[in-house]
Amino acid sequence: MSQPTKTAAKDLEWRRFPQFEKLFEADQFAPAMRKMEKNLRQLEDLAKNGPEADRERARSAALAYIRTIELIRQIVDKRNEMAAEAATWAPAVR
C-alpha cells in the first residue's frame, strides 16, 4: 500500500477537530460537559432575565449549546454501541 502524498495528507488536515476530539479524552469529558451545562444554564437565565438587547443572542447561543450537547451524547452512544459490537464479534483469546 502506498503512502499518502503530501497533498492528500494536507487535504485531510481540515477534517480534524483537535479541540472537539480532546473533549472525548477520559479525563476531559466530565469536566467539559459540566462546563457546557453550566454555560447553558447561564445563557438560559440571560435569555429569560437579561437585558432585552442580550435576550435573542442568548437564546440563539443556548440553542447551539443544546444541539452540541445532544450531538456529543449521540457520538458517545454510537461509540459505546460500536465498542459493544466489537466485543461481541471479537474472537476468543486462548
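The shown structure was predicted, so the numbers you read here are calculated from the model rather than taken from an experiment.

Novice: Any details on the overall build of the protein? Residues and values, ideally.
Specialist: Within the protein, the regular secondary structure consists of four helices and zero strands. Overall, the protein shows an N-to-C arrangement of helices and strands of α-α-α-α. Residues classed as buried in the protein amount to 14% of the 94 residues present. Considering only intrachain contacts with a sequence separation of at least 6, the fraction spanning at least 24 residues in the protein is 55%. Of the accessible surface of the protein, which amounts to about 8,200 Å², a share of 57% is contributed by carbon and sulfur atoms.

Novice: Quick rundown of helix H3 (residues 26-49)? Include the residues and the values.
Specialist: A rise of 1.5 Å per residue sets the reference length of H3, with its 24 residues, at 34 Å; its end C-alpha atoms lie 36 Å apart and thus fit the reference within 8%. Listed as buried for H3 are Met 33, Met 36, Leu 40, Leu 43 and Ala 47. Residues of H3 that are buried make contact with helix H4 (52-89).

Novice: Go over H4, please, and point to the residues and values.
Specialist: Here H4 contains 38 residues, and its C-alpha end-to-end distance of 56 Å stays within 8% of the 56 Å for a straight helix at 1.5 Å per residue. All of the buried residues in H4 are Ala 58, Ala 62, Ile 69, Ile 72 and Val 76. Those residues of H4 that are buried are in contact with helix H2 (18-23) and H3.

Novice: Describe the packing of H3 against H4, and please don't skip the residues or the numbers.
Specialist: The interhelical angle for the contact between H3 and H4, taken along N-to-C directions, is 150°, at an axis separation of 8 Å. Relative to H4, H3 is oriented roughly antiparallel. By crossing handedness, the relation of H3 to H4 is classed as left-handed. Looking at the contact of H3 with H4 residue by residue, the classes come out as 15 nonpolar, three polar and seven charged.

Novice: Tell me about the nonpolar core, residues and numbers included.
Specialist: Membership of the largest hydrophobic core is limited to twelve residues, which are Leu 23, Phe 24, Met 33, Met 36, Leu 40, Leu 43, Ala 47, Ala 58, Ala 62, Ile 69, Ile 72 and Val 76. Elements that contribute at least two residues to this core include exactly H3 and H4. Setting aside chain neighbours within four positions, we find Met 36 in contact with Tyr 65, Thr 68, Ile 69 and Ile 72.

Novice: Lay out the confidence of the model for the protein in plain terms, naming residues and giving numbers.
Specialist: When pLDDT is averaged across the protein, the result is 85; 80% of the residues are at 70 or more. Looking over the protein, one finds the lowest element-wise mean pLDDT in helix H1 (residues 6-13), namely 63, and the highest in H3, namely 93.

Novice: With reference to specific residues and values, describe a nonpolar patch on the surface.
Specialist: On the surface, Phe 17, Phe 20, Leu 71 and Ile 75 cluster together into a nonpolar patch covering about 330 Å² of accessible area. For Ile 75, the location among the structural elements is in helix H4.

What counts, and at which threshold
Counting from 1, residues in each chain are numbered in the order their sequence is written. Restriction of local features to residues with pLDDT of at least 70 applies here, the model being predicted, together with a cutoff of 80 or more for giving and counting side-chain atom pairs; totals for whole chains, interfaces and linings are based on all residues. Here the side-chain values reflect all heavy atoms present in the structure, with hydrogen atoms and water set aside. Numbered from the N terminus, helices here are DSSP runs of H or I no shorter than four residues, and strands are runs of E no shorter than two. Working definition: with a 1.4 Å probe on protein chains only, accessible area under 20% of the residue-type maximum means buried, over 50% means exposed, and in between means partly exposed. Pairs of residues are marked as contacts when any of their non-hydrogen atoms sit within 4.5 Å. The method behind every accessible area is Shrake-Rupley, applied with a 1.4 Å probe, and residues are considered shielded solely by the protein chains displayed. To estimate the expected span of a helix, count its residues, drop one, and scale the result by 1.5 Å. Interaxial angle, 0 to 180 degrees, is taken between N-to-C directions of lines fitted to C-alpha atoms, where a helix line uses only the stretch in contact. Should an angle fall under 35 degrees it is called roughly parallel, over 145 degrees roughly antiparallel, and 65 to 115 degrees roughly perpendicular, with every other angle called oblique. Crossing handedness follows the turn of the near helix against the far one: under a right angle anticlockwise gives a left-handed crossing, and clockwise gives a right-handed one. In this classification, the charged set is Asp, Glu, Lys and Arg, the nonpolar set is Ala, Val, Leu, Ile, Met, Phe, Trp, Tyr, Cys and Pro, and all remaining amino acids, among them Gly, are polar. We define the nonpolar core as a collection of buried residues of types Ala, Val, Leu, Ile, Met, Phe, Trp, Tyr and Cys that are connected through side-chain atoms lying within 4.5 Å of one another. pLDDT is a per-residue confidence score from the predictor, ranging from 0 to 100. Residues enter patches when they are more than 30% accessible in relative terms and free of salt bridges; like-charged ones are connected within 9 Å and nonpolar ones (Val, Leu, Ile, Met, Phe, Trp, Tyr) within 5 Å. Put simply, a salt bridge is a Lys or Arg side-chain nitrogen that is within 4 Å of an Asp or Glu carboxyl oxygen.

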